[in-house]
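# Secondary and tertiary structure notes
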Amino acid sequence: MASPSPYINAPYTPTRPRMFNSTLAKVIWILVPIVTVSIAAAVPFVVAAVKGVIKPWLAGVYVAAEVLVLVLATALDPAGDATSPVAGLLLILLIVTSATHTALLDNDKVSVGK
């Protein structure tokens, strides 16, 4: 009688949780920072931290960066009369960065904060 295979009795190693269940969900999550004009740029990262996709410190960094950029943009253009192009540039950079990083949340090649 042959001995049983060690692979059959090996413990199951759990995989890292996934952020997106479908391509449509991924597109919707990527659109969050774009549609909200960076006001909700950190929301996908907070949700990913709650799901266990990323470590909580990374979500905290995104929340702090979003608050910092929004405060700087307001301080540079307090009247809202668009006299400072730097405020708009900061918001565009935040939108592009957060949308790009949201798209990379389920990428197995990226290991920072996972």
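Conventions we followed
Residues numbered from 1 in each chain as written. Predicted model: local features only at pLDDT ≥ 70, side-chain atom pairs only at ≥ 80, totals over all residues. Heavy atoms only, no water. Patch = residues over 30% accessible without salt bridge, like charges linked within 9 Å, V, L, I, M, F, W, Y side chains within 5 Å. Areas by Shrake-Rupley, 256 points an atom, 1.4 Å probe, with all protein chains shown as cover. Salt bridge = Lys/Arg side-chain N within 4 Å of Asp/Glu carboxyl O. Helix = DSSP H or I, 4+ residues; strand = E, 2+ residues; numbered from the N terminus. Buried < 20%, exposed > 50% of the residue type's maximum accessible area, 1.4 Å probe, protein only. Core = buried A, V, L, I, M, F, W, Y, C linked by side-chain atoms within 4.5 Å. Contact = heavy atoms within 4.5 Å. Axes fitted to C-alpha atoms, helices over the stretch in contact; angles between N-to-C directions. Parallel < 35°, antiparallel > 145°, perpendicular 65-115°, else oblique. Left-handed = near helix turned anticlockwise from the far one by under 90°. Nonpolar A, V, L, I, M, F, W, Y, C, P; charged D, E, K, R; others polar. Expected span 1.5 Å × (residues − 1). Arc of directions from axis to C-beta.

### Quick look at a nonpolar patch on the surface
- Where nonpolar side chains cluster on the molecular surface, the patch consists of Val-46, Val-50, Val-63, Val-67 and Val-71 and spans about 420 Å² of accessible area.
- Residue assignment for the nonpolar patch shows that the elements contributing at least two residues are helix 2 (43-51) and helix 3 (56-76).
- In terms of residue count, helix 3 provides more of the nonpolar patch than any other element does, three residues in total.
- Structurally, the position occupied by Val-63 is in helix 3.
- Assessed through its relative accessible area of 37%, Val-63 is described here as partly exposed.

### A word on the nonpolar core
- Membership of the largest hydrophobic core is limited to 12 residues, which are Met-19, Phe-20, Ala-42, Phe-45, Ala-48, Ala-49, Val-53, Ile-54, Leu-58, Ala-59, Tyr-62 and Leu-105.
- Aside from chain neighbours lying at most four places away, what touches Ala-42 is Tyr-62, Val-63 and Glu-66.

### Details of the packing of helix 3 against helix 4 (residues 85-103)
- Running from N to C, helix 3 and helix 4 point in directions that differ by 160 degrees, and their axes come no closer than 8 Å. Of the possible angle classes, the one that applies to helix 3 and helix 4 is roughly antiparallel. Read as a crossing pair, helix 3 and helix 4 show a hand that is left-handed. Across the interface between the two elements, Tyr-62, Glu-66, Val-69, Leu-70, Leu-72, Ala-73 and Leu-76 from helix 3 touch Val-86, Ala-87, Leu-90, Leu-91, Leu-94, Thr-97, Ser-98 and His-101 from helix 4.
- In the contact of helix 3 with helix 4, the residues fall into 11 nonpolar, three polar and one charged.

### Some points on helix 1 (residues 23-35)
- With 13 residues, helix 1 extends 18 Å from end C-alpha to end C-alpha; this agrees with the ideal 18 Å at 1.5 Å per step.
- Looking one or two places after helix 1, you find Val-37, whose phi comes out positive at around 50 degrees.

### Re helix 2
- Turning to helix 2, its buried residues number three or more, namely Pro-44, Phe-45, Ala-48 and Ala-49. Burial along helix 2 is one-sided: seen end-on, the buried residues are contained in an arc of 135 degrees.
- Here the buried face of helix 2 lies against helix 1, helix 3 and helix 4.
- Where helix 2 terminates, the next one or two residues include Gly-52, which has phi positive at roughly 85 degrees.

### A closer look at the environment of Trp-57
- Structurally, the position occupied by Trp-57 is in helix 3.
- Exposure remark for Trp-57: the relative accessible area of 46% places this residue in the partly exposed category.
- Along the sequence, Trp-57 and Gly-113 sit 56 residues apart, while their C-alpha atoms lie 7.6 Å from each other.
- Discounting residues that sit within four places of it in the chain, Trp-57 has contacts with Val-112 and Gly-113.

Limitation: the analysis is restricted to geometry and does not speak to function.
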